[in-house]
Amino acid sequence: MPLSFLDAVSTATVAGGRFELSSESLPGADGVSRDQLVFVKAPKSLRALFDSLRTREGVFLVYEDDRLTFADVMGEVDALAHTFVNHYGIRPGDRIGIAMRNFPEWIVSFAAITSVGAVAVCLNGWWTPDELAYGLHDSGCTLVLADVERVARIAPLLIREPDPAGAAPLRVLAVRSDDAPLPDGVDRWDDVVVRNTTMPDLDIDPHADATILYTSGTTGHPKGAVSSHHAVLSALLSFACRSVVQAILKTDAATNSLSPGSAPPPKSPPANPASFILTVPLFHVTGLVPVMLGAVLSGSKLVMMRKWNPERALELIERERVTTFVGVPTMSWDLLESPAFANHDTSSLVSIGGGGAPAPPELVKRIDNSFSKGRPAIGYGMTETNGYGPQNLADDYVRKPTSAGRTIPTMEVRVVDEAGSVSPIGDIGEIEFRGANLIRGYWNKPEATAATFHEGWLRTGDLGRLDEEGFVYVVDRAKDMVLRAGENVYCAEIEAVLYEHPAVYEAAVFGLPHERLGEEVAVAVVLRADGTAEGIDGAAIQAHVEGRLASFKVPSQVFFQTEQLPRGATGKILKRELRDQVLSGVLVGETLQN
């Protein structure tokens, strides 16, 4: 009989093996310790994880025409870590921001920050100056590493009166600045980073803070999700363990496909060395944990894209013999739709997947039929879970293309009703997660932490169900959010900006289905009748949002209403009704470029 999923998990996590599990009492977001399954042989810290690269040979990072070996990268990590401690006086627990596009220096910065016990604050590179200012001030960063574009956005923060509370001024270290003029108070990387130095000797508590990633809130400002070294590594090893489970199932399926007495299949040619392509920003949990840190854990080559372009991605996949493609579903769609797809050799790919948004079943089918070896995959993770969650892969995904998949035992999943009781199999309720990979809470936001976590469980805000095999199906989002190409866009944030417009009387932001993006941002607007609305059109509404918020938050469809927006009994605007009116053709608006 073929192995079951649980049999494969048991094999992968056998005592004495790489992914051996044991129970350990760990504190939750509420401070109460509870038993969790953990990996016995996990690295003690992210510093220990990066130290594992010191014994590896060959190319680690590929960026444009640059090829950096493992030794090259670790030499830069040591030099920067030495600079942190001896030039900037960084101490364990200090927060250091990273604000740049996907350069090799991003990875060097992250490794050096976490290796000296500081906290890496991974700032959204698309943020406006005001959004960057909030993240830096909220986290209490005293140093930020930034590229030239982000330096320009941060510059106004450097001109300020002395802080009466005595807070240290913000310092900036610019990467790849070449001869570009820099504001006063900004250091150039090559001027302060001393090469051929050694990593400072420090001991890091595995449960100390390691990262802060910002996730948009349904109201107000973004929240800084704080993770320990242990939580990040728990997520990372869960991804790796799940890959081993899949390999066991694949091997068993091949063995059981032989008829009695038949010859064994011919040996396959040696597999290509593992190679990831980085298509998503490193400040996103997907780019950071399963892709970048996944390459570190496995010692794989990481091919970095400066920005997403499907034709360039196809070139790199062929040139670098990439084996693993992880992105949002729109990127897989872009590859298949590219006129250059048939002209490139993609036979090295074994997995084409990602997360951040559900993939249409038709896309799952197309991936499975369009790549010679590559199989479709998807994951359902969150910033709060360090990216790990249910995964659906290969045959299972083809068999159940609308499911987000299932987890290994390091993460528990349940569905609860409105009263908080566990729902029966098949019933729809809110999905909740529990595991050692969860964040410890939100930075300086105890109320938000208490609202999201209870008794060790994370409220996802997503509505879904479980089937009898443990597969998770996400059917809706309880949170007021639009999921645009993997970016969480929270409606309240945009509405707050829209209500600043003198001509706007009412505004309701909601999502509409989009073939490529998954969802696009739409807004229904009621203008004031006092004359201030004269000449206001969709482009004017869009222009008002531009410059105040990141570009992916700018509405691409605007619907003007002359009557009050539909409301329920409590007075809340019925966005679902607005959405249904648009989809049925009752409500017609302006489609704008974004």
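Bear in mind the structure is a predicted one, so any value in this text is a computation, not a measurement.

(A) Region of interest: helix H15 (residues 491-498). Counting buried positions along H15 yields six of eight residues, so the element is predominantly enclosed. Within the span of H15, buried status applies to Cys491, Glu493, Ile494, Glu495, Val497 and Leu498.

(B) Examining the state of the cysteines more closely. Enumeration according to the criterion identifies zero disulfides in this entry. In this model Cys141 remains outside any disulfide bridge; the closest cysteine sulfur is found in Cys122, 9.8 Å from its own. Assessed through its relative accessible area of 8%, Cys141 is described here as buried.

(C) Focus on the sheet that holds strand E15 (residues 351-354). As summarised here, the arrangement of the eight strands in space is E4-E3-E13-E12-E14-E15-E16-E17, forming an open sheet in which the pairing is mixed. In the strand order of this sheet, the two ends are held by strand E4 (66-69) and strand E17 (391-393), each with one partner. Neighbour-to-neighbour, the strand axes of the sheet open up by a mean angle of 15°, direction not taken into account. When strand E3 (residues 59-63) meets strand E13 (residues 301-304), the two strands line up parallel, connected through three bridges. Bridge pairing in E13 places Tyr63 opposite Met304. Relative to the sheet, helix H3 (residues 70-86) contacts E3 and E4, its axis offset from that of E4 by approximately 80°. With respect to the sheet, helix H12 (residues 361-370) is in contact with E15 and strand E16 (375-379), its orientation differing from that of E16 by roughly 140°.

(D) Spatial organisation of the packing of aromatic side chains. Under the counting rule described, the total for this entry stands at 14 aromatic pairs. Geometrically, the ring pair formed by Phe19 and Phe39 is edge-to-face, given 5.9 Å between the ring centres and 75° between the ring planes. Of this pair, Phe19 sits in the loop between helix H1 (5-12) and strand E1 (21-27) while Phe39 sits in strand E2 (residues 33-39), placing them 20 residues apart in sequence. When the ring of Trp308 is compared with that of Phe325, the centres are 6.0 Å apart and the planes differ by 65°; the resulting orientation is edge-to-face. You can see Trp308 sitting in the loop between E13 and helix H10 (310-320) and its partner Phe325 sitting in strand E14 (residues 324-327), a full 17 residues away along the chain. Under the relative-accessibility criterion, Phe325 is labelled buried at 0%. Feature note: the residues Phe50, Trp106 and Phe110 constitute an aromatic cluster, connected by ring pairs. Between the NZ or CZ atom of Arg366 and the centre of the ring of Trp333, over which it lies, the distance is 5.6 Å.

(E) Structural view of the sheet that holds strand E7 (residues 143-146). Overall, mixed pairing links the eight strands, which are arranged E9-E8-E7-E5-E6-E10-E11-E20 in an open sheet. Two strands bound the open sheet, and with one partner strand each, they are strand E9 (186-188) and strand E20 (441-442). Docked against the sheet, helix H4 (residues 104-115) engages strand E5 (95-99), strand E6 (119-122), E7 and strand E10 (209-215), running at close to 145° with respect to E6.

Parameters and conventions
- Residues numbered from 1 in each chain as written.
- Predicted model: local features only at pLDDT ≥ 70, side-chain atom pairs only at ≥ 80, totals over all residues.
- Heavy atoms only, no water.
- Buried < 20%, exposed > 50% of the residue type's maximum accessible area, 1.4 Å probe, protein only.
- Helix = DSSP H or I, 4+ residues; strand = E, 2+ residues; numbered from the N terminus.
- Disulfide = S-S within 2.5 Å.
- Pairing = 2+ DSSP bridges.
- Axes fitted to C-alpha atoms, helices over the stretch in contact; angles between N-to-C directions.
- Contact = heavy atoms within 4.5 Å.
- Phe/Tyr/Trp six-rings, centres within 6.5 Å; stacked < 30°, edge-to-face > 60°.
- Lys NZ or Arg CZ within 6 Å of the ring centre and 35° of its normal.

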